[in-house]
Each structure stands twice: as structure tokens, then as C-alpha cells.
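Listed below, chain by chain, are the residues.
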Amino acid sequence: MRQDVDLSGIRAEDLAAQECPVTLPPVPSAAGTRALLIEAASALLDERRALHPDELASLAVVPDDSVTALAALAHQVRLAWCGPNVELEGIVSAKTGGCTEDCNFCSQSSHFDSPVKATAFLDTGEVLRAAEETASLGASEFCIVLALRGPDERTMARLVELVPLVHSRTGLNVNVSAGILTGDQARRLAEAGVRRYNHNLETSRSFFPAVVSTHTFDERLDTCRLVKANGMDLCSGALLGMGESDAQRVELLVELGALGPAEVPVNFLNPRPGTPLGGEPLVAAWDAIRWIALFRLALPGAILRYAGGREVTLGDLQAMGMAAGINALIVGNYLTTLGRSAEEDLRMLSDLRMPIGAVGSAL
Ligand code: SF4
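About the criteria used
- Residues numbered from 1 in each chain as written.
- Predicted model: local features only at pLDDT ≥ 70, side-chain atom pairs only at ≥ 80, totals over all residues.
- Helix = DSSP H or I, 4+ residues; strand = E, 2+ residues; numbered from the N terminus.
- Rg over C-alpha atoms; globule rule 2.2 N^0.38 Å.
- Buried ≥ 20, exposed ≤ 12 C-beta atoms within 10 Å, placed from the backbone.
- Contact = placed C-beta atoms within 7 Å.
- Core = buried A, V, L, I, M, F, W, Y, C linked by C-beta atoms within 7 Å.
- Expected span 1.5 Å × (residues − 1).
- Arc of directions from axis to C-beta.

What follows covers the overall build of the protein chain. Looking only at helices and strands, one finds 13 helices and nine strands in the protein chain. Its C-alpha atoms give the protein chain a radius of gyration of 19 Å, near enough to 21 Å, the size a compact globule of 363 residues would have. Each principal axis of the C-alpha distribution contributes one length, and for the protein chain these read about 60 × 45 × 35 Å. Taken across its 363 residues, the protein chain has 50% of its residues classed as buried. Relative to all contacts within the protein chain whose residues are 6 or more apart in sequence, the contacts with residues 24 or more apart total 82%.

Okay, structure coming up:
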């Protein structure tokens with residue numbers, strides 16, 4: 001059964017600090033690594049409890065030659081907590097570019113000289129066509145994504161009209177990503193039938209001010225909490241590779257564990273020209289596998305979705321990520337970069353003998 005995870009053991013005042021509260025231990029020996037993996041398996045598979053922050057920190061530093069063992073455990077945990085299904089989601093960028101916020105990784109910010117130009121909200125027919133194409137791939141989810149700080153009244157009116165229409169025409173669960181919400185907006189979206197609302201934490205509290213200055217980490221957390229309080233499923237994930245430390249990635253995992261999202265998209269930075277992070281190196285493929293596995297071990301019951309940057313980061317290792325804890329994919333074209341074709345992803349799942357379906361129905 002899918003469960004929210006409560007990673008207790010880290011103090012609220014630590015999470016409120018701007019310094020990373022996590023200290024990583026030394027790299028363990030081969031025998032020490034085996035013991036850590038056995039303890040983690042016992043906790044997650046036998047006791048069915050979440051890992052403590054210190055257990056996660058120890059697993060984060062196992063040697064590179066133990067990443068396959070870490071991934072194997074993560075796959076077992078995924079099957080035990082979520083079942084075998086892989087959930088597919090299509091997304092449409094219903095309003096692209098021109099965003100007032102200054103997220104340093106984002107080509108849709110109006111603060112940077114990026115090739116992505118601002119567009120108006122797509123018309124209803126275009127959104128419906130994207131949803132029908134998503135349904136034809138066998139997906140169960142469709143997310144309407146808007147690049148903005150938060151919705152104004154005109155945007156709210158369009159969303160409240162579109163969400164039930166898309167659902168009734170396609171049968172898809174309709175999800176929305178539209179930035180920071182007020183309590184009243186969260187209530188209206190929930191009443192309109194929004195199944196899941198996406199609002200990524202993106203990075204740890206201690207690293208957040210290095211990449212965003214126009215809103216705070218706490219504003220993001222507040223919206224995440226409003227989503228849950230109004231009965232929508234929370235989708236909140238991460239963007240790895242912005243210059244954060246491994247300790248800060250563990251800090252983020254602890255924060256996500258406390259928040260308890262139903263879905264966690266894992267993005268890897270695909271450096272965009274013109275943005276302040278346009279010159280950052282890619283996350284190394286083997287490190288990406290390590291962190292996918294750690295996300296699964298930290299969030300055993302979550303729908304863990306491959307999102308942006310996976311093609312450039314993982315290359316030939318994309319299938320390995322599916323066997324390291326991932327159980328959901330965004331298929332088709334991503335927001336401003338071209339994802340690989342849906343056919344290639346469907347072939348990969350078929351080769352891996354992984355059934356497509358809503359993860360909830362596998363429980
Ligand atoms: S709020 Fe969203 S769309 Fe706007 S700059 Fe940040 S990541 Fe990009």
C-alpha cells in the first residue's frame with residue numbers, strides 16, 4: 001500500500017536554518033557498505049519504516065562500485081511499496097516563457113536572455129489535442145503546465161473551465177502546474193477536479209537562495225501544504241545538478257520525506273543557453289543512478305517520475321534508472337526541450353517487461 005513517509009529525527013529549527021544541517025559520514029568500507037544495505041533492506045522491506053536522515057546520509061556516500069547494489073535494493077523497494085506498474089504522463093506547456101521569477105535554471109524566466117519567447121495561454125482546442133495524443137499513448141495522467149509565479153483571475157477561470165473538459169473528453173486524470181497558490185485558488189482547483197498539483201521544491205532549503213531570489217523556499221512549501229490541505233495529491237520534486245552538494249541533496253530528501261508528496265518528479269539540469277546555470281556541467285550518469293536509487297529509498301511509497309534532462313544525463317543508462325526506483329515517465333516533448341520519442345519509451349518499458357498503468361491501481 002502506498003503511504004506517506006515521515007522522516008523524523010531532524011529538528012524543525014535545523015530545517016529553518018540557511019546552513020545545510022546534514023553532515024555526510026566518511027565513505028564506508030566494502031563490509032560497512034554491505035551492512036548498511038542489509039540494514040536498509042530490513043527497515044524498508046521487513047519493518048516497512050522510512051529511513052532516518054543519518055541512514056540516508058550513510059547510503060549517499062557508498063563507493064561507486066556499490067551503486068548497482070543500491071539500485072537493486074531500490075528496485076525491490078519500489079516493487080514492494082508501489083507494485084510493478086509504470087505510470088505515464090503527458091504534459092502540455094499551456095503558457096510558455098515570460099515568467100516574472102528568476103529561477104536560475106529556467107529558460108522561461110523573463111530575467112534572462114533566453115531563446116524561449118513568451119506565448120499566450122493556448123486555446124482550448126490545442127490543449128484538447130495534446131490531451132487526446134497523451135491518451136492515445138496509454139497514459140493515465142495529463143498535466144497542464146504554465147510558466148508563471150502564480151495564476152491571476154483570468155488564468156484561474158481558464159483552468160477551472162479546462163480541467164473538467166479535458167477529463168470528460170479523454171478520461172485522463174488532469175493535473176496542473178501553475179506556481180504559487182492562495183488558499184482560495186487551491187480550493188477552486190480542487191473543486192474543478194484537479195487530481196494532482198505540481199509544485200517542485202527543486203532543491204534544499206539551504207541551497208534555494210543561491211538559485212532563486214524572487215520567492216522563498218517557504219513560499220514553495222506553503223503552496224505544497226495548501227495543495228494537500230485542499231484534498232489534491234501533491235506532486236513535488238527536485239532538479240539535481242545546479243551546484244548543490246551531496247549533503248544538500250540529502251537535506252532535500254529529508255524535507256520531501258516530511259512533506260509526503262504522492263509524486264516526486266526527478267529532473268536533471270539540462271543547462272539552457274542564456275540562463276545563469278547555462279554553463280553548469282551535466283550530472284554524471286552514474287551519479288544520477290545513485291541519486292535515483294536514494295530518492296526511492298528515501299521516498300519508498302512515492303510515484304517517482306523521470307522528468308526533464310534524463311536523455312542528456314543518463315544516455316544509455318535510462319533503462320537502468322527504471323530498475324533503480326523510477327516508476328513513472330513523462331512521455332513526449334518536455335516543456336522547452338525535445339524529449340525522446342514516446343515510441344522509444346514504450347519500447348524500453350516493453351523490453352523491461354514493465355506494465356503501464358496508474359500506480360494507484362497496482363496497490
Ligand atoms: S517560476 Fe517556474 S516558470 Fe517561472 S522562472 Fe521559476 S521555474 Fe521558470
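Following the structure, the description resumes.
Once that is clear, we can look at the environment of Leu282. The topology assignment puts Leu282 in the loop between strand E7 (263-268) and helix H10 (285-298). Taking C-alpha positions, Leu282 is 6.6 Å from Leu269, a pair spaced 13 residues apart along the chain. Once residues lying within four places of it in the same chain are set aside, the contact partners of Leu282 are Gly241, Val312 and Thr313.

Right, let's get into unusual backbone geometry. With a phi angle near 75°, Glu202 is a residue other than glycine that sits in the positive phi range. Position of Glu202 relative to the elements: it lies in the loop between strand E4 (196-198) and helix H8 (217-229). Residues other than glycine seldom take positive phi values, yet Arg353 does so here, at roughly 55°. Mapping Arg353 onto the fold places it in the segment after helix H13 (342-351).

It is worth spelling out the nonpolar core at this point. Ranked by size, the top nonpolar core spans 105 residues in total, and within it Leu294, Phe295 and Leu297 carry the most contacts. Sort the elements by how many residues they give to this core and H10 lands first, with nine residues.

Turning to helix H5 (residues 124-136), a few remarks are in order. The end-to-end C-alpha separation of H5 is 18 Å, in line with the 18 Å expected for 13 residues at 1.5 Å each. Within H5, the full set of buried residues consists of Val127, Ala130, Ala131 and Thr134. All buried residues of H5 project into a common sector of 100° when viewed along the axis, lining one side. Residues Gly125, Arg129 and Ser136 are exposed on H5 and point more than 90 degrees away from its buried face. Elements that come into contact with the buried residues of H5 comprise strand E1 (87-95), strand E2 (141-146) and helix H6 (153-170). One or two positions beyond H5, positive phi appears at Gly138, with a value near 90°.

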